[in-house]
Amino acid sequence: VNHARSVVEFGPINKDTPLKGHFDKDDAKFVNIPAYAVQNRVRLLEKNKLAQQLSEESPLNRIEGEGEIGIITSGVSYCYVKEFVSGVSILKLGFTNPLPEKKIAEFIKGKKAIIVVEELEPFVEDQVLRICAQNRLDVPVHGKRDGTLPREWEFSPDTMQRLKDIVSVKKAAVPMAKSDMKLPGRPPSLCAGCPHRGMYAATKKAAGQTPVVYCSDIGCYTLGVQPPFRTADFIICMGGGAGAAGGFAQVTDQKPIAFIGDSTFFHAGVQPLTSALFNHHSIVMVILDNRTTAMTGHQPNPGTGRHFGGINTDALDIETLVKGIGVQFVRTVDPYDVTSCVKVMKDAIDFDGVAVVISKCPCPLLLKKEKRLEKKVCVVNQDDCISCFTCVRMIACPALIKRDKSVEVDPNQCIGCGMCANVCPKKCIEVRQ
Ligand code: SF4
Ligand code: SF4
Ligand code: SF4
């Protein structure tokens, strides 16, 4: 973790570095068949020794200040130490693998105590304890192992106060703001008009009382975990939902429905799909193709036809790919047409085998960014509205404002996608240009 920012000064930039080189073939070095692998293991250990030497000599591993207490720290933790702790000697590590073991041992010698300040797991601390043992250094080491510092969460100025019984620690000049107000939780949610809303609403309706497991993955669509959708029963890692879906098909009578974004599908979804086919698993994979990698800032992926830097490239067609590996049930749907999606999802859930539904609709935020979003907004005809709240219950769009006996639309948020109009039983929501 290194949630910090600062001005960065570039050193000289070497503009002479060639952009292309030449691959010099060397089987013994690059082809790790057993006969070569045993030799390469020796080479690797020799290289590690050289790296160790580099670490010992590196200016990135430096000692600052003097004091009986030594602090060994790295990364953003160093900034907390510098800002709040005084009267100590600091070994600032900027080259942590391999660690400069000799330098660390020399630093520890003669100190009254050592504190290791690092975020998350006690990686450096465990090595420091080993170095102490190997060098017979009888110096107390404080850190996460003895509970001086917490192992959970990131550090803060308050965390440094936990060192005040050992060293001199300043209080933050401006204490961290605390409010007595009980603020409502504001978890992130799918945007107004997000196409995932339509697909989730349709899937829930199609599944009805059928026992299903919603296998989710990493992307905006993970937010389906929230009500009213609740379409994320677990996430593991990229592609993990689709992979686990096969396992659920094997060991439960619940129908696995795996949601996966287009980027994640290209990255790690093709393999689990192939595995499901090979193993005759009965699963539904819903590929939420929003034509981008939305969650991380609209990066291109192999399906978008754009490369990094906006360069045009060939777009890989998901439907062709899925059919090409042998999936028999493949349907491409428009998630804004929720009613049609319900029918397709019912067929997919009933299908005995691998069913793939591609929900194809660009992320509206991307369209807005690229100035391709048509100006539309929906309005509720209040005379015809029967206050059934189907629109709110099914789509839960943040642009829909639920009043006691009516529904209104926030024109500032609404993008006129028409999902709410699609599910309204009275057809009293109109999309206007
Ligand atoms: S960024 Fe796009 S895909 Fe993500 S929640 Fe918003 S509309 Fe949906
Ligand atoms: S679904 Fe239609 S009728 Fe029902 S509350 Fe919404 S706008 Fe009114
Ligand atoms: S048309 Fe309906 S669902 Fe779409 S953004 Fe507007 S209020 Fe939300």
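Residues numbered from 1 in each chain as written. Chains lettered and ligands numbered in written order. Predicted model: local features only at pLDDT ≥ 70, side-chain atom pairs only at ≥ 80, totals over all residues. Heavy atoms only, no water.

Draft legend 1. Summary view of the overall build of the protein chain. Along the backbone of the protein chain there are 15 helices and 16 strands. Against the 2.2 N^0.38 benchmark of 22 Å for 433 residues, the protein chain shows a C-alpha radius of gyration of 29 Å, more extended than a compact globule. A buried classification covers 44% of the 433 residues belonging to the protein chain. For the protein chain, restricting intrachain contacts to residue pairs at least 6 apart in sequence, the fraction spanning at least 24 positions comes to 67%. Here the protein chain displays about 25,100 Å² of accessible surface, and carbon together with sulfur accounts for 54% of that area. Side chains of the protein chain carry 54 positive and 47 negative charges; the gap between the two charge centres is 3 Å. (Helix = DSSP H or I, 4+ residues; strand = E, 2+ residues; numbered from the N terminus. Rg over C-alpha atoms; globule rule 2.2 N^0.38 Å. Buried < 20%, exposed > 50% of the residue type's maximum accessible area, 1.4 Å probe, protein only. Contact = heavy atoms within 4.5 Å. Areas by Shrake-Rupley, 256 points an atom, 1.4 Å probe, with all protein chains shown as cover. Lys, Arg positive; Asp, Glu negative; His and termini not counted. Charge placed at Lys NZ, Arg CZ, Asp CG, Glu CD.)

Draft legend 2. Layout of the side chain of Thr304. Residue position: Thr304 is located in the loop between strand E10 (283–289) and helix H11 (318–324). Given a relative accessible area of 15%, Thr304 falls into the buried group. Within polar-contact distance, the side chain of Thr304 engages the backbone oxygen of Asn301 at 2.8 Å. The contact partners of Thr304, leaving out residues within four places of it in the chain, are Arg291, Thr292 and Ala315. (Polar contact = N/O pair within 3.5 Å; in protein donor to acceptor, adjacent residues only side chain to side chain.)

Draft legend 3. The sheet that holds strand E2 (residues 69–74), seen in detail. Taken together, the five strands give an open sheet; going across it, the order is E1-E4-E2-E5-E6, and neighbouring strands pair in mixed fashion. Two strands close off the open sheet at either side, each with one partner strand: strand E1 (62–64) and strand E6 (141–142). With five bridges connecting them, E2 and strand E4 (residues 89–93) associate as parallel partners. Note that in E4 the partner of Ile72 across the bridge is Leu91. (Pairing = 2+ DSSP bridges.)

Draft legend 4. Broad picture of the sheet that holds E10. Pairing within the open sheet is parallel, and its five strands lie in the order E8-E9-E10-E12-E11. Where the open sheet ends on each side, the last strands, each with one partner, are strand E8 (212–215) and strand E11 (329–333). If you compare each strand with its neighbour and ignore which way they point, the axes differ by 15° on average. Across seven bridges, E10 lies against strand E12 (residues 354–360) in parallel orientation. When the sheet's bridge partners are listed, Val284 is paired in E12 with Ala355. Sheet strands in contact with helix H10 (residues 270–278) are E10 and E12, and its direction is about 150° off that of E12. Here helix H12 (residues 338–350) sits on the sheet in contact with strand E9 (255–261), E10, E11 and E12, set at roughly 165° to E11. (Axes fitted to C-alpha atoms, helices over the stretch in contact; angles between N-to-C directions.)

Draft legend 5. Fine view of a nonpolar patch on the surface. Together, Phe23, Phe30, Val31 and Ile33 make up a nonpolar patch on the protein surface, roughly 400 Å² of accessible area in all. According to the relative accessible area criterion, Val31 is partly exposed, its value standing at 38%. (Patch = residues over 30% accessible without salt bridge, like charges linked within 9 Å, V, L, I, M, F, W, Y side chains within 5 Å. Salt bridge = Lys/Arg side-chain N within 4 Å of Asp/Glu carboxyl O.)

Draft legend 6. Layout of the site of ligand 2. Among the 13 residues in the neighbourhood of ligand 2, the closest are listed as Cys385, Cys388, Phe389, Cys391 and Cys424. Grouping the amino acids of the shell around ligand 2 by side-chain chemistry returns eleven nonpolar, two polar and no charged. (Near = heavy atom within 4 Å. Nonpolar A, V, L, I, M, F, W, Y, C, P; charged D, E, K, R; others polar.)

Draft legend 7. The arrangement of the packing of helix H4 (residues 101–108) against helix H5 (residues 123–134) in detail. Relative to each other, H4 and H5 sit at 75°, their axes nearing to 10 Å. When the axes of H4 and H5 are compared, the pair comes out roughly perpendicular. Touching Glu101, Ile104, Ala105 and Ile108 of H4 are Val128, Arg130, Ile131, Cys132 and Gln134, all from H5. Grouping the constituent residues of the contact of H4 with H5 by class yields six nonpolar, one polar and two charged. (Parallel < 35°, antiparallel > 145°, perpendicular 65-115°, else oblique.)

Draft legend 8. A look at the side chain of Asn422. Topologically, Asn422 is positioned in helix H15 (residues 419–423). Since its relative accessible area comes to 18%, Asn422 is described here as buried. Within the local environment of Asn422, its side chain forms a polar contact with the side chain of Thr339, the two groups lying 2.6 Å apart. With near-sequence residues (within four places) excluded, Asn422 lies in contact with Tyr336, Asp337, Val338, Thr339 and Lys427.

Draft legend 9. Local environment of the site of ligand 1. Residues in close proximity to ligand 1 include Leu190, Cys191, Cys194, His196, Cys220, Asn290, Ala294, Cys363, Pro364 and Leu365, which together make up its full environment. Along the lines of polarity and charge, the residues of the shell around ligand 1 split into eight nonpolar, two polar and no charged.

Draft legend 10. Fine view of the state of the cysteines. In total, this model carries zero disulfides according to the counting rule given. The thiol of Cys237 is unpaired, and the distance to the nearest cysteine sulfur, on Cys215, comes to 13 Å. Judged by relative accessible area, Cys237 falls into the partly exposed class, the value being 37%. (Disulfide = S-S within 2.5 Å.)

Draft legend 11. Layout of the packing of helix H2 (residues 34–57) against H4. Where H2 meets H4, the axes come as close as 7 Å, and the angle between the chain directions of the two elements is 40°. With respect to H4, the axis of H2 lies oblique. Residues Gln52, Gln53 and Glu56 of H2 form the contact with H4, whose participating residues are Glu101, Lys102 and Lys103. Grouping the amino acids of the contact of H2 with H4 by side-chain chemistry returns no nonpolar, two polar and four charged.

Draft legend 12. Up close: the pairing of E4. Across the five residues that make up E4, a large majority, five, are buried. Judged by which residues are buried, E4 turns out to be covered on both faces: Ser89, Leu91 and Leu93 on one side and Ile90 and Lys92 on the other are all buried.

Draft legend 13. Fine view of the environment of Pro187. When you line up the elements, Pro187 lands in the loop between strand E7 (168–169) and helix H7 (195–207). Sequence separation of Pro187 and Gln226 is 39 residues, and the distance between their C-alpha atoms is 9.1 Å.

Draft legend 14. Seen up close, H12. Helix length check: H12 (13 residues) gives 18 Å between terminal C-alpha atoms against 18 Å at 1.5 Å per residue, within 8%. Of all the residues in H12, the buried ones are Val338, Cys341, Val342, Val344, Met345, Ala348 and Ile349. (Expected span 1.5 Å × (residues − 1).)

Draft legend 15. Examining the nonpolar core more closely. If you look at the biggest cluster of nonpolar residues, it comprises 76 residues, and the most contacted ones within it are Ile257, Phe265, Ile287, Val322, Val338 and Val356. The dominant element in this core, judged by the number of residues it contributes, is H12, at seven residues. Here this core gathers at least three residues from each of two domains, domain 2 (195–369) and domain 3 (377–432). Not counting residues within four places of it along the chain, the set of residues in contact with Val322 comprises Phe265, Leu273, Ile287, Val327, Val330 and Val356. Counting 19 residues, the second-largest nonpolar core is a separate cluster that includes Val81, Phe84, Phe155 and Met160. (Core = buried A, V, L, I, M, F, W, Y, C linked by side-chain atoms within 4.5 Å. Domains from an automatic or database assignment.)

Remember that the coordinates give geometry; whether it matters functionally is a separate question.
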